[in-house]
Every structure is written in structure tokens, then in C-alpha cells.
Amino acid sequence: MLHIMPPTISGPATGSIAAWGLAALLLAATVAAPSAARAENTTMIRDDHGRLTVPENSPMAARLAVAPVTLTKPSRAIPVPGAIMAEPARSISVQAPLAGHIVSLPVAPGDHVTRGQVVAELLSGDMAQATTDEVKARAALDLARRALTRAQGVAQAGGGAVRDIEAARSTYLQAVAEDDRATARLAALGGQPGGGGTMKLVSPVDGVVSTVNTAAGANVTDPTAPLLTIADTREVWAVANVPENEVATIQAGQQADIYVPGLPGEVLHGAIAAIEPTLHADTRTLQARVVLPNADGALKPNMFATVTVEAPQSPRIMVPQSALLMNNDTVTVFVEVAPHTYMRRNIDIIYDDGDLCEVDSGLSAGERIVTQGAVLLNDD
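What counts and what doesn't
- Residues numbered from 1 in each chain as written.
- Predicted model: local features only at pLDDT ≥ 70, side-chain atom pairs only at ≥ 80, totals over all residues.
- Heavy atoms only, no water.
- Helix = DSSP H or I, 4+ residues; strand = E, 2+ residues; numbered from the N terminus.
- Buried < 20%, exposed > 50% of the residue type's maximum accessible area, 1.4 Å probe, protein only.
- Contact = heavy atoms within 4.5 Å.
- Areas by Shrake-Rupley, 256 points an atom, 1.4 Å probe, with all protein chains shown as cover.
- Pairing = 2+ DSSP bridges.
- Axes fitted to C-alpha atoms, helices over the stretch in contact; angles between N-to-C directions.
- pLDDT = per-residue confidence, 0-100.

### Overview of the overall build of the chain
Working step 1: Counting secondary structure elements, the chain contains 4 helices and 24 strands.
Working step 2: Considering the chain as a whole, with its 380 residues, one finds that 31% of them fall into the buried category.
Working step 3: Residue pairs at least 24 apart in sequence account for 71% of intrachain contacts in the chain once pairs closer than 6 positions are excluded.
Working step 4: With an accessible surface of roughly 22100 Å², the chain has 56% of that area assigned to carbon and sulfur atoms.

Quick look at the structure:
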């Protein structure tokens, strides 16, 4: 028990009373602060085995947050260089099926073309021959049809032999076959009946003219040489060159972010569609491709790109850094061993730059730990 003696009155009454009051206030404040701390600590009960029990209705319990320990699958971002490429199946070379002379070439690199649009026109002697063959075959078919009809009419009137009908029918069938052949060949060459020697080359797809290898006035002597190339760029590939040491971490289906310097500020997203089975011997890389929509044509073939693949790691225990208590080289957490009862436990962690730390040992999935307010239990 503290006894406070009033000061001896030796001066004016007013000054003495004020001095006595100030001394009383200072002493009361000194006694009140540790009393509040002791009141807070009395809400926590410690037993002989180091178990700390915090009553459910105590002020301290309201300041604690408890959560279960779970297994998570963190991912590691792997950036690799790459490029935008036109899909080979959507890039088509236009060739002249016959030798000839180019009289018109109405397209240039970068032009958008539609399916069936004329991209070149040639004069060809072989095309003229194909057109003539089709006309002759059609005329022969018409003649053979009339001859067969006449022979059948004579036979019905009793004035013709059966062999005459059979001969007319054979001639007619041969004429049908020849007409079919001539018509099919003309169609395969892109010609039209009555078109003479003019051959029109058309675009087989909707796309963009990527290259032109000839000009109006040139002669075509090699039917295997491409005159121009048309690329359908409504879908393109982002091709990532994965280094050999990262090949094992890349799999089809993994998500990827694509950064293209030519499109600043934009991040494209996709999944790895396929991975090449063979490593490139010169670069020691493996190509993985992501299919990207490109309806507006903003992605151009041969653009540089950085493909960042999110590679999942094996499941591991991760805990928030707010749950950790540091004491020199020792890291501990408080584990809930019973409702509102906690015990300190040493753990080993692998530091991480984020809000979570990987636990190497000391905790198991399903255990509950104090994630907020653990410092209140740290009274050792």
C-alpha cells in the first residue's frame, strides 16, 4: 500500500495545494500503466507444458487470427525470347500451273485480298490448248448424242441393226469420257469455257499478300516457282525459344504472357498449344508455340516477342510472413493445439520475396497457426 503524504504548507495556500495535486497525478499515471499491461496479460494462462490458453471472451482473443496450413502450388515465371510467326498452314504460295506471260499483277505486298479475288492474269499457249480441247470435246459429245438418238430411232422403225446402236452407244460413251476429261483439266487450270488462252490466278484464302516474286510483263517458265505468297494472319503463332535447361519445366497447356515491343503497353495471353519434339542443335533451344487471335492484324509475322511461361512447382506449404516470430536465427510460429490454446513451435523456412514463405520443415498441412497477433503471445 502506497501512502501519499501531503506536502508541508510553508507558503501561500494556493501554491501548496497545486503542488500536492501535481504529485498525486504523476504517481497515479506511474501506477496505472503497468496495471493495464498486467490486466492484459492476465487474460493469457500458461500451463506447465508451455500451452498458452486465451479465453474466448478476452480482449486478446479478439486480436488473434488463426488459419489452417494448406498446400499450395506456386508457379515460377520463365521469360524466353521468341517471335511472331504466320501459321504455315495459313500461308499459301500462288503458282502458275502452266508456262505463260504475265499481263496483269494487281496486288502488292501488304494488300488484303479475299478468297476468289484475281491476283494475277497470264496468257498461256497451254491454256489456249486446254480451252480448245474442251470445246472440241463438247462438240464431239453433242454429235455422238445425236448419232445415238438417230440410231435408236431407226431401230425402232425396223430399219436398223442392233450393231449400229451398239456402235453409236460406244462412240457416245467415249465422247462423254473425253468431255469430262477436258472439262476437268480446264477447271484444274483455273480456266473458263471460251476463255481462250487467258489464265486467271485467284487467292485461295482471305489474307494479306506477304511476298511478290514477279512483275507484269515477266514470263513464267517454271510452274513450280511461287509467284506470290498470301498469308492468312487472323491467327498467328507466338513461338518461344525455350533453352535446354528449361525444357523439362515447359508443357503443353501452360499459360503464357506475351510481350511484343511493337505493341507497347499490351500483354497478350494464351496457352502453349504444342512443343517441338526435337531440340535445335545450333541454338540448343526447343520451340513452343502459342496460338494468338489477330483479327485486327496488329501482330505482324517476324515481330520480336518475349514469352513468359508460368511453370507450376510441386505442392508445398506456404505461410504468411505475419505468422512468423524471429529470435536471432530461430523462427517460430504458434500452433493451435486446442480451441483457443496455442504452443510455440520451431520451423525451418525458405525466404520468399512476397507475402508468403515456404516452410521446409516443422508444419504439416491441416494444422492451424496464428497468422495475426502472434506477437501478443510472444512473452518469452
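Once the structure has been displayed, the description carries forward.
### As for the sheet that holds strand E16 (residues 267-275)
Working step 1: Ordered by their spatial adjacency, 6 strands build a closed barrel running E5-E14-E17-E16-E15-E18, and the pairing between neighbours is antiparallel. Strand-to-strand, the axes of this sheet are offset by a mean angle of 40°, without reference to chain direction.
Working step 2: Summarising the sheet, strand E14 (residues 235-243) and strand E17 (residues 285-293) pair through 9 bridges and their orientation is antiparallel. Within the sheet, the bridge partner assigned to Val239 lies in E17 and is Arg289.

### Considerations on the confidence of the model for the chain
Working step 1: Considering every residue of the chain, the mean pLDDT works out to 82; 86% of them sit at 70 or more.
Working step 2: Every residue in residues 1-41 scores below 50 in pLDDT, and together they form 12 contacts with partners more than four places removed in sequence or on other chains.

### Overview of the pairing of strand E22 (residues 341-350)
Working step 1: Taken together, the 2 bridges between strand E2 (residues 52-53) and E22 define a ladder with antiparallel strand orientation. Counterpart to Thr53 in the pairing with E22 is Thr341.
Working step 2: Two elements, strand E21 (residues 330-338) and E22, share 7 bridges in a ladder whose sense is antiparallel. When the sheet's bridge partners are listed, Ala338 is paired in E22 with Thr341.
Working step 3: The antiparallel hairpin formed by E21 and E22 contains 2 residues in its connecting segment, where His340 sits at a positive phi of about 65°.

### Overview of the sheet that holds strand E6 (residues 91-95)
Working step 1: Strand order in the open sheet made by the 4 strands is E6-E13-E11-E8, with antiparallel pairing throughout. Sheet topology places E6 and strand E8 (112-113) at the edges, where each strand pairs with a single neighbour.
Working step 2: Strand direction decides the pairing type here: E8 and strand E11 (residues 207-212), joined by 2 bridges, are antiparallel. In the strand pairing of E11, Val113 is matched with Gly207.

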